[in-house]
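Here is what each chain is made of, one letter per residue.
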Amino acid sequence: MRITGISTHVVGTPWRNLTYVQVHTDEGITGVGETRMLGRTDALLGYLREAELNHLAGSDPFAVEDLVRRMKYGDYGRAGEIVMSGIACVEMACWDIKGKALGVPVWQLLGGKVTDKVKAYANGWYTVERTPEAFHKAASTVVERGYRALKLDPFGTGHFELDHAETLHSISLVEAVRDAIGPEAELLVEMHGRFSPATAVRIAGELERFHPSWLEEPVPPENLKALAKVAEKTRLPIATGERIHDRIEFRELFESQAADIIQPDVGHIGGIGEARKLAATAETHYVLIAPHNVGGSVLTAASLQLAGCTPNFKILEHFNDFADAEIKKVVKGAPQVVDGYFQLSHEPGLGVELDTDAAAEFPQQQAHFDLWAEGWEKRDPSGGRGE
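Cut-offs and rules
- Residues numbered from 1 in each chain as written.
- Predicted model: local features only at pLDDT ≥ 70, side-chain atom pairs only at ≥ 80, totals over all residues.
- Heavy atoms only, no water.
- UniProt positions renumbered as here; feature names shortened; annotations may be inferred.
- Helix = DSSP H or I, 4+ residues; strand = E, 2+ residues; numbered from the N terminus.
- Buried < 20%, exposed > 50% of the residue type's maximum accessible area, 1.4 Å probe, protein only.
- Salt bridge = Lys/Arg side-chain N within 4 Å of Asp/Glu carboxyl O.
- Pairing = 2+ DSSP bridges.
- Right-handed = clockwise from strand over helix to strand, strands pointing away.
- Contact = heavy atoms within 4.5 Å.
- Axes fitted to C-alpha atoms, helices over the stretch in contact; angles between N-to-C directions.
- Expected span 1.5 Å × (residues − 1).
- Arc of directions from axis to C-beta.

**Student:** Tell me what's going on with the UniProt feature "domain: Mandelate racemase/muconate lactonizing enzyme C-terminal" (unreviewed entry) in the chain, and back it up with residues and numbers.
**Tutor:** In the numbering used here, UniProt assigns the feature "domain: Mandelate racemase/muconate lactonizing enzyme C-terminal" (unreviewed entry) to residues 132-237. Note that residues 132-237 is 48% helix and 11% strand, and that its end C-alpha atoms are spaced 25 Å apart.

What follows is the structure in structure tokens.
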């Protein structure tokens with residue numbers, strides 16, 4: 001079997017574009033992969049056009065390791081977010097092909113399952129007015145749909161510091177959410193790398209009484225010593241890693257012991273196999289893995305293949321029941337959350353298929369997502385912010 005070419009399909013929404021890549025073979029089997037780029041979709045498509053000529057055409061889709069190695073190192077330049085995301089799309093499509101050809105799910109090819117179900121947490125649900133009453137109502141809707149975990153960033157446009165009044169308001173949002181979901185549901189607090197270490201530590205102290213399961217990216221991701229400073233001064237678990245695009249770059253994070261949960265994005269870190277290797281390394285440091293997953297249903301399906309065979313897998317993020325729920329129709333067999341969990345698929349490959357006709361109904365947009373803009377949580381770039 002040989003790769004004959006690829007086709008790309010961009011599914012657009014006002015705040016995010018999802019890129020789907022189909023890898024075609026001479027035996028008629030097609031695999032699919034996905035990633036979500038912020039502001040770099042055209043750059044990704046350009047890279048994939050060159051990679052198709054330089055690396056993909058004529059390659060064996062079963063030789064996943066060799067293909068990833070050539071795409072990562074064969075152009076000599078250091079692979080960053082765009083290259084690693086392109087590799088991820090192609091890599092997961094090759095696993096999809098391999099599973100379909102052999103008649104088994106991808107998790108079976110990676111060592112076999114360790115679980116039948118994977119806990120999900122909701123994100124993208126708080127596209128409402130930034131008031132305790134609105135957040136309480138929105139959070140209640142999440143648990144009514146069966147979710148047993150959810151995440152929020154309550155901190156508005158906070159950057160480095162958060163003044164006293166804004167701190168009180170942000171904490172009131174968390175308090176409202178905890179009240180809505182009850183004491184047993186998991187509450188995850190996102191900081192999006194907003195704060196200085198001192199501010200993050202101060203806010204962590206305020207949050208402890210709500211028992212969050214983690215504090216995510218409390219400081220900007222570039223300085224691991226700053227992250228370690230926060231970790232040393234809070235009892236809350238620290239989660240980070242979505243903006244690291246090469247598993248080798250996690251080495252320093254593991255050595256610092258500053259993170260309790262790592263959050264690689266399968267669509268940015270080179271795909272399922274690279275994420276599986278990273279998870280195994282994390283296991284040797286007693287660190288859990290909870291992938292960043294802000295894409296669509298193919299990326300969710302790929303992340304679930306990883307979850308199925310990974311002993312230290314904690315939980316999986318899910319946007320598509322709340323933010324842009326209509327785009328789920330572009331993927332046949334899209335994973336669904338039932339009573340707070342995904343069930344592990346036993347279908348061959350990734351267990352999903354891209355509906356290209358449905359995808360064409362959501363053309364690429366000039367998507368823009370600015371976490372520092374007022375009202376960003378509504379995920380509507382045209383919504384009264386002068387953009």
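**Student:** Go over unusual backbone geometry, please, and point to the residues and values.
**Tutor:** Located in the positive-phi region is histidine 192, a residue other than glycine, with phi close to 55 degrees. By the secondary structure assignment, histidine 192 is in the loop between β6 (186-190) and α7 (197-207). Of note, glutamine 257 is a non-glycine position whose phi angle comes to about 55 degrees, a positive value. The residue glutamine 257 is located in the loop between α9 (251-256) and β9 (261-262) in this model. What makes glutamine 257 exposed here is its relative accessible area of 69%.

**Student:** Could you give an account of the pattern of salt bridges, with specific residues and numbers?
**Tutor:** The tally for this structure, following the rule as stated, stands at 27 salt bridges. Notably, a salt bridge pairs glutamate 65 with lysine 277, separated by 2.9 Å at the nearest N-O pair. A residue pair is termed long-range when its members are at least 10 positions apart, and glutamate 65 in helix α2 (residues 64-73) and lysine 277 in helix α10 (residues 272-284) qualify at 212 residues. On the basis of relative accessible area, lysine 277 is assigned to the partly exposed category, the value being 27%. Between arginine 209 and glutamate 206 there is a salt bridge, with its nearest N and O atoms 3.7 Å apart.

**Student:** Please give an account of the pairing of β6 that cites residues and values.
**Tutor:** In regular strands, side chains alternate between the two faces of the sheet. Of all five residues in β6, five are buried, a share of seventy percent or more. Here β6 shows two buried faces, one formed by Glu186, Leu188 and Glu190 and the other by Leu187 and Val189. One ladder, built from four bridges, connects strand β5 (residues 149-152) with β6; its direction is parallel. By the bridge assignment, leucine 150 is partnered in β6 with leucine 187. In terms of handedness, the path from β5 via helix α6 (residues 164-181) over to β6 forms a crossover that is right-handed.

**Student:** Describe the side chain of histidine 245, and please don't skip the residues or the numbers.
**Tutor:** Relative to the elements of secondary structure, histidine 245 occurs in the loop between β8 (238-240) and α9. The class for histidine 245 is buried, based on a relative accessible area of 17%. In this structure, histidine 245 is in contact with Glu81, Met84, His268 and Ile269, ignoring residues within four places of it in sequence.

**Student:** So what's going on with the sheet that holds strand β1 (residues 3-12)? Which residues, and what values?
**Tutor:** The strands making up a sheet associate through backbone hydrogen bonding, with each pair oriented either parallel or antiparallel. A sheet is described by the order of its strands in space; here three strands give the open sequence β1-β2-β3, paired in antiparallel fashion. With partners counted over all chains shown, the strands left at the sheet margins are β1 and β3 (30-37), one partner each. Adjacent strand axes in the sheet meet at a mean angle of 20 degrees when their direction is disregarded. As judged from the nine bridges shared by β1 and strand β2 (residues 17-25), these two strands associate in the antiparallel manner. In the strand pairing of β2, valine 10 is matched with threonine 19. The strands touched by helix α1 (residues 41-56) are β1, β2 and β3; relative to β1, the strand with the most contacts, the crossing angle is about 175 degrees.

**Student:** Could you give an account of the pairing of β3, naming the residues involved and the relevant values?
**Tutor:** For β3, a buried count of seven out of eight residues is recorded, marking the element as mostly surrounded by other parts of the structure. Bridge analysis of β2 against β3 gives eight bridges, and the strand direction is antiparallel. Considered in β3, the bridge of leucine 18 is made with arginine 36.

**Student:** Describe helix α3 (residues 81-102), and please don't skip the residues or the numbers.
**Tutor:** The first and last C-alpha atoms of α3 sit 31 Å apart over 22 residues, in line with the 32 Å expected at 1.5 Å per residue. With respect to burial, α3 is a largely interior element, 18 of its 22 residues being buried. Where α3 ends, the next residue or the one after it, glycine 103, has phi of about 75 degrees, a positive value.

**Student:** Break down α2 for me, citing the residues and quoting the values.
**Tutor:** Along α2, the positions that sit buried rather than exposed are Val64, Leu67, Val68, Met71 and Lys72. Projected down its long axis, α2 shows its buried positions confined to an angular sector of 125 degrees, all on one face. More than 90 degrees from the buried face of α2, the exposed residues found are Glu65 and Tyr73. Contact partners of the buried residues in α2: β1, α1, α3 and α10.

**Student:** An account of the side chain of serine 59 is requested, with residue identities and associated values reported.
**Tutor:** You can see serine 59 is positioned in the loop between α1 and α2. By relative accessible area, serine 59 is classed as buried at 6%. Discounting chain neighbours no more than four positions away, the residues touching serine 59 are Met1, Arg2, Ile3, Leu67 and Arg70.

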